[in-house]
Amino acid sequence: MTSERIYSRIAGTGSYLPEKVLTNDDLAKFVDTSDEWIASRTGIRERHVAAEGETTSDLSVHAATRAMEAAGVSAADLDLIIVGTTTPDIIFPSTACLLQARLGANGCGAFDVNAACSGFLYALSIGDKFIRSGDAKTVLVVGAETLTRMVDWSERTTAVLFGDGAGAVVLKADSETGILSTHLHADGAKKELLWNPVGVSAGFRDDQPNAGVRIQMAGSDVFKYAVKALDSVVEETLEANGLDRHDIDWLIPHQANLRIIEATAKRLDMSMDRVIVTVDKHGNTSSGSVPLALDEAVRSGRVQRGQLLLLEAFGGGFTWGSALLRY
Ligand code: COA
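Residues numbered from 1 in each chain as written. Predicted model: local features only at pLDDT ≥ 70, side-chain atom pairs only at ≥ 80, totals over all residues. Heavy atoms only, no water.

Undergrad: What should I look at first to understand the site of the ligand in this one?
TA: In the neighbourhood of the ligand, 22 residues make up the surrounding shell, with Thr 33, Arg 41, Arg 156, Gly 219 and Asn 257 lying closest. Within the side chain of Thr 33, a nitrogen or oxygen atom sits 2.7 Å from a nitrogen atom of the ligand. Measuring from an oxygen atom of the ligand, one finds a side-chain N or O atom of Trp 37 at 3.3 Å. Starting from 960 Å² of accessible surface for the ligand in isolation, the protein chains cover 70%. Ranked by the residues each element gives to the shell around the ligand, the list is headed by helix H7 (residues 219-240), at four residues. Two domains each put at least three residues into the shell around the ligand: domain 1 (7-176) and domain 2 (180-326). (Near = heavy atom within 4 Å. Polar contact = N/O pair within 3.5 Å; in protein donor to acceptor, adjacent residues only side chain to side chain. Areas by Shrake-Rupley, 256 points an atom, 1.4 Å probe, with all protein chains shown as cover. Helix = DSSP H or I, 4+ residues; strand = E, 2+ residues; numbered from the N terminus. Domains from an automatic or database assignment.)

Undergrad: Which parts of the structure should I look at to understand the packing of helix H3 (residues 56-71) against helix H4 (residues 95-103)?
TA: Packed helices, taken two at a time, are described by their axes: the angle between them and the distance between them. Taken N-terminus to C-terminus, the directions of H3 and H4 make an angle of 55°; their axes are 9 Å apart at the nearest point. Our classification of the angle between H3 and H4 gives oblique. When the axes of H3 and H4 are compared, the crossing they make is right-handed. Where H3 approaches H4, its residues Thr 56, Ser 57, Asp 58, Ser 60, Val 61, Ala 64, Thr 65 and Met 68 are matched on the opposing element by Thr 95, Leu 98, Leu 99, Arg 102 and Leu 103. The residue makeup of the contact of H3 with H4, split by class, is six nonpolar, five polar and two charged. (Axes fitted to C-alpha atoms, helices over the stretch in contact; angles between N-to-C directions. Parallel < 35°, antiparallel > 145°, perpendicular 65-115°, else oblique. Left-handed = near helix turned anticlockwise from the far one by under 90°. Contact = heavy atoms within 4.5 Å. Nonpolar A, V, L, I, M, F, W, Y, C, P; charged D, E, K, R; others polar.)

Below you can see the structure in the form of structure tokens.
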């Protein structure tokens, strides 16, 4: 007797961006930068910024509700809620618990995953494992951030990069098609190249002049490491599935920097018209970026059922990962 394979199929996607838009020109009014510098180095033109009092769980509720509507599932159908975030509303309860209460999905499991910008890929991978093991049939996976809350607006090397937003998917058990594989990696030895060294047990550090709740980054080191790590995880993903790079219909990358995205596309021998790019309008929304890009691609009709999608992300930790799926 052969047991049927269970897949996690993306049954619906949703996303949400805060109303307020901050353009590069807006930024140049209070920090020494220019639209030309930002756009040519990163591809970013504008980003959304959460309103005062608007939290990560607020963004998550909108994205999750849209994904659930698209999937045709109700709160009572959810077996598990996972939120990838580095900017939780509060230390605890988790943003997933706050979201659960707002959705009225009380009773199912709910937890956050902190893998910086790879948070959604990590959360997706965990959701997939729950479904494939048979422990869950319907899982809500969210990537949501209010990263601008920990940006030092006077520090031009980081202030220009980040934005706020959330994306969500509903995974459902399916016997036919869905996520084919996920691949997760981390290199904690590189933690100081991209971090926010403030916390609970480590407290505030006197040797960090910018301590407070501020992102610190060695931009060009991050850039070089990210390109290599993404090259390697893309190869690993294709190899694990016995696929050729030309089999991929869409690359849906983490939206940190257009030049990093172009390097991955080149590695895959993909023209940019098969790559979903939102970094120009969203900036880097960390865990929000991949599900936001996916939702835009689905709602605009570019991504179609049956197509092969490669999702990837890289972030602080360092962390990086990928998912290959038949949509
Ligand atoms: N506006 C204008 N000038 C700026 C600037 C800004 N916003 N930020 C930095 N500069 C200046 C620097 O001060 C430096 O000036 P100097 O030569 O007089 O010292 C010059 O521009 C070059 O800075 P550098 O940091 O070497 O630029 P870069 O080409 O490496 O680009 C990043 C910087 C951040 C855009 C780039 O390194 C990058 O995108 N890295 C990856 C970041 C990332 O994706 N992080 C998230 C991963 S999840």
